[in-house]
Amino acid sequence: MKSGSIGSYALWRLAQLVPIIFVIVIVNFFLIRLAPGDPIAYIIGDAPVPEEQIIELRQQLGFDQPLYRQLLIYLGNIAQGDFGYSFISRAPVLDIIVQRLPATLLLMITQYVAAIIAGIMLGVVSARRQGSAMDAGVTLLSVVGFAVPVFWLGQMLMLVFSTQLGLFPAQGMLSLRYDLGPFGKALDIAHHLVLPAVTLTFFNLGLIARLTRSNMLQVLRLEYIIFARSKGLSERTVIYKHALRNAVLPVVTIIGLNLRTMIAGAVLTETVFAWPGLGRLTFDAINTRDYPVLMAMFVFVGFVVVIANLLTDIAYAYLDPRIRYK
Amino acid sequence: MTEAPPLLDVEDLTTRFYTGRGVIGAVEKLTFHVNEGEAIGIVGESGSGKSVSALSILRLVPMPGRVVGGRITLRGIDLLALSEREMREMRRKHIAMIFQDPSNFLNPIMRVGDQIGEGIDRRELSKQAVARQVLEALQAVHIADPKRAADSYPLQLSGGQQQRSVIAAALVRRPSLIIADEPTTALDATVQYQILSLLGELQTAINTAIILISHDLAVIASVCSRVYVMYAAQLVESGPTAAVYRNPCHPYTQGLLGSILDPLERKEKLSVMAGSLPDLAAPPSGCRFHPRCPQAMAVCVAREPPNVQVSDGHTAKCWLYAARGDVSS
Amino acid sequence: MTEGAKPEAVVAARADVAAIRWPAVRRVQDNWRRFCRNRLALVGLVLLVATILMALLATAVFPEGPFKITGGRLTAPNAVHWLGTDELGRDVLAGVLYGARTSLMVGFLSVFMSLALGIVVGALAGYYGGWIDDALMRTTEIFQVMPRFFLALLVVAMFGADIWGIIFVIGILNWAEIARLLRAEYLTLRERPFVTAARAYGAPNFQIIVVEILPNASSPIIVAASLQVASAVLLEASLSFLGVGDPNVMSWGTMLNSAQQFLRLAWWSATFPGLAICLMTLGIALISDGLNDALNPRLKEMGS
């Protein structure tokens, strides 16, 4: 693989991934052991489990063995996808997570796409009209987007648009109707998707708009913009082909860093709107103290964020040759 | 003798920057002209207003600067009166600019070939035709392996190759005027010579006029037939290069030439000009050079000197010559 | 260097050091003036002061505390209960005022903790470099890599929901950012001449770290810390909203949690506590922006 290719960069970043995941998993491991009470309680809850089974479970998980042995067993389990069993549903946690994942994916992808498109557009416009009312509006919007608690925003939107105006359903992903064909179902889901997606988009929008704006302002002062203009290119070409491409690069990285916050936002939003995704799962698990689920979510989210950062870094390297050819 | 009308005629160009700290007069009543196919030079220290004049011609002066006075005529068309769209046509078809540090002026995330090709009018040409023109331009600037260069990103090329690419980007539009702002300053000495001879070669090949801006007198001398000397935003001397160099009239020009090291000439002491550039927000009264001028007189402090015609085509803005000869402005 | 002997150059450098120390005071005044000129920042200050007022008024206006049932359940805002009552009959206004105390406490105490930890670690890592730097930076990386929200959830759920625990957890999660910022500053500043001069006339390391470099390195952490106050408040509200807040302490988040079920019937039980959160965090965010602009002035170019 020639140096400077994306492949070698991707491999290098992939290699860095391993220790990070390792750390997350280790923390998870120690969390149970450090928490008050018998660690086994975090694994079986207060379900009436016969004594022999408890002893067997202890043996299986190695609680009677030295710590390093326990760690190995634990790591082995994780590698096989065994995250334990949910207290409530008695199903394997991994299965539950996989089952709830699509709903959350739908919500996240929708809000990211909307936030990126709207955010970049707002950022570009406010950079071009620096100092105008629009510019001040966008800056204020980004501050508000940071300050407003996302769950409260969801509640307010629900109050106004669902309770008062009756435009959108307040909760859930699907109505309880049996007469909808596949297309009708899709529309129904979309209908339910609007309020939670708008909530999350607003939460995300401010940061992207602000970042695009400040990058655009910086880039527009740079020399190669003067060069592009001196070639007689139309202003639109200069802005979109030259300036935006450069200004948008950091936004790619920010998306990766932002994911953690957006996942937290998703948990809160799904709770408000009873959207049947991983966020709502977390909320339910908290209420029932379903520790296996909670711990698995911790590892899962850590894993997802690391992968997302990896992907955004690779995307950045693809877009910016300066990184690759160092 | 009737002369053909000049290609570019600049009269009393004045450009100012309106900053939070006050108004900075970057160019003050600059008057010069370039004939078709001619190469002229603008020389001066950094901060003398040379680059801003170039940007003013193209109307690309960055904020908070603005052209506030004067006339710029290209083949009879008043550039300052054009709309933005018409000005863009001018930039695309008639005037091209080459900048000082190509690594800053080329877009780092676009391939070089694309950057050269985007200046071409694509409306009637196919993609292959455009690509062919790009390659031809790269060959004309003597880049080895033009195909590979076109596919590369700027950081993969050397400084000299980058500058050649910038020149190629100018070439490809067949402009009537090329403005080169310190094109060799950021390059190694050996490469400098190559770029300059390239410019000279192109000038004859496509009959382009060149405005060469530099602080380096040797650079100007190698390419330009006439030279304009700028100091503190004003024109202080102008004339045929040979005449100005052999017989510099303005004390500033004398100082500039005197500080050149000639390896064949043994000098006792290196003559150095005292002082530094004046603050363009609050320039000295009268003649702006008077604080540093070894021959300053009382009138120099009080009143701004006129442009005096010292000999045929050779002018100097200095009281020393106002007594004799024609006062041309 | 012989004891007590001070070469001329060092004496001159010492004057330099003094000249740098005093400007720190002058700079504070400059920064304050710049800050005050920013209208939005002043608005933020007003909002924050309003929040503090709310907290101070709590015991005065509602001496029995926010948990006392004083009215019917879910009554709309009226003359007696200006903001209405919640599902147990408690006054919403009381909740809002006492909630301000909680949020202020969580916000400032947790940031105090993260600053304490972060400054120590960052200064040591940045000043000494070498293996100390490596070791400390690995530690911060570990903290930065975790999913913070979920870790906080887990820890509070497992170890019990106590307001001090929550403050502690939030502080633990935030210190890494401060440490990194400060380390970067120290790495650059320790090469500056005023540090070399201070060493030359025999200042002990501790003095250099604290007295010489720290005031000059403080601007990025001031901005970061102010933002952390806001995010701490939001994190505590989120945790309380999800049900892992301290049940013995009135928090805006918990109010929103109980309001969730009765949203259709009682809009006031959700609107007002949330509005309070908005105002407080908005105020802090505006102040933070103002601080950023004041401490890092860029040349704002005006079109004429």
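For the structure itself, look to the data block above.
Below or above, wherever it landed, is the structure these notes cover. (Residues numbered from 1 in each chain as written. Chains lettered and ligands numbered in written order. Predicted model: local features only at pLDDT ≥ 70, side-chain atom pairs only at ≥ 80, totals over all residues.)

A look at the overall build of chain B
Basically, it comes down to this: Only DSSP runs of H or I with at least four residues qualify as helices, and only runs of E with at least two residues qualify as strands; both kinds are numbered from the N terminus onward. It is over C-alpha atoms that the radius of gyration is taken, and the globule rule equals 2.2 Å times the number of residues to the power 0.38. Three exposure classes are used, based on other C-beta atoms lying within 10 Å of a residue's own C-beta, which is placed from the backbone: buried for 20 or more, exposed for 12 or fewer, and partly exposed in between. For the purpose of contact definition, each residue receives a C-beta atom placed from its backbone, and two residues are in contact when these atoms lie within 7 Å.
Looking only at helices and strands, one finds 12 helices and 13 strands in chain B. Taking 2.2 N^0.38 as the reference for a compact globule, 329 residues should give roughly 20 Å; the C-alpha atoms of chain B span a radius of gyration of 21 Å, in line with that estimate. Structurally, chain B occupies a C-alpha span of about 65 × 50 × 50 Å along its principal axes. Burial analysis of chain B (329 residues in total) assigns 43% to the buried set. Long-range contacts, defined as pairs at least 24 residues apart, comprise 61% of the intrachain contacts of chain B with a sequence gap of at least 6.

A word on the interface of chain C and chain A
This is how it is decided: Under the grouping applied here, Gly and all other residues not named as nonpolar or charged are polar, the nonpolar ones being Ala, Val, Leu, Ile, Met, Phe, Trp, Tyr, Cys and Pro and the charged ones Asp, Glu, Lys and Arg.
At the interface, 36 residues of chain C touch 36 residues of chain A. When residues of the side of chain C that touches chain A are traced back to their parent elements, those giving at least two are helix 4 (130-145), helix 5 (148-159), helix 8 (205-242), helix 9 (252-261) and helix 10 (268-295) of chain C. If you tally residues by element for the side of chain C that touches chain A, the top one is helix 10 of chain C, at 10 residues. For the side of chain C that touches chain A, the class distribution of residues is 27 nonpolar, six polar and three charged.

So, unusual backbone geometry
If you check the backbone angles, B:D12 has positive phi at about 50° while not being a glycine. Since 14 C-beta atoms lie within 10 Å of it, B:D12 is described here as partly exposed. Look at C:L74: it is not a glycine, yet its phi comes out positive at around 50°. The residue C:L74 is located in the loop between helix 2 (39-61) and helix 3 (92-128) in this model. Residue classification places C:L74 among the partly exposed positions, given that 17 C-beta atoms sit within 10 Å.

Digging into helix 5 (residues 127-140) of chain B
Residue and element names in this part refer to chain B. Going by this rule: Multiply 1.5 Å by the residue count of a helix minus one, and that product is the helix's expected span. Each direction from the helix axis to a C-beta atom contributes to the arc, which is the arc of those directions.
With 14 residues, helix 5 ought to run about 20 Å at 1.5 Å a step, and its terminal C-alpha atoms sit 20 Å apart, in line with that. Turning to helix 5, its buried residues are V134, A137 and L138. Projected onto a plane normal to the axis of helix 5, the buried residues spread over an arc of 100° and lie on a single side. Along helix 5, exposed side chains directed more than 90 degrees from the buried face belong to Q128, A129 and R132. Positive backbone phi, at 60°, marks H142, one or two positions downstream of helix 5.

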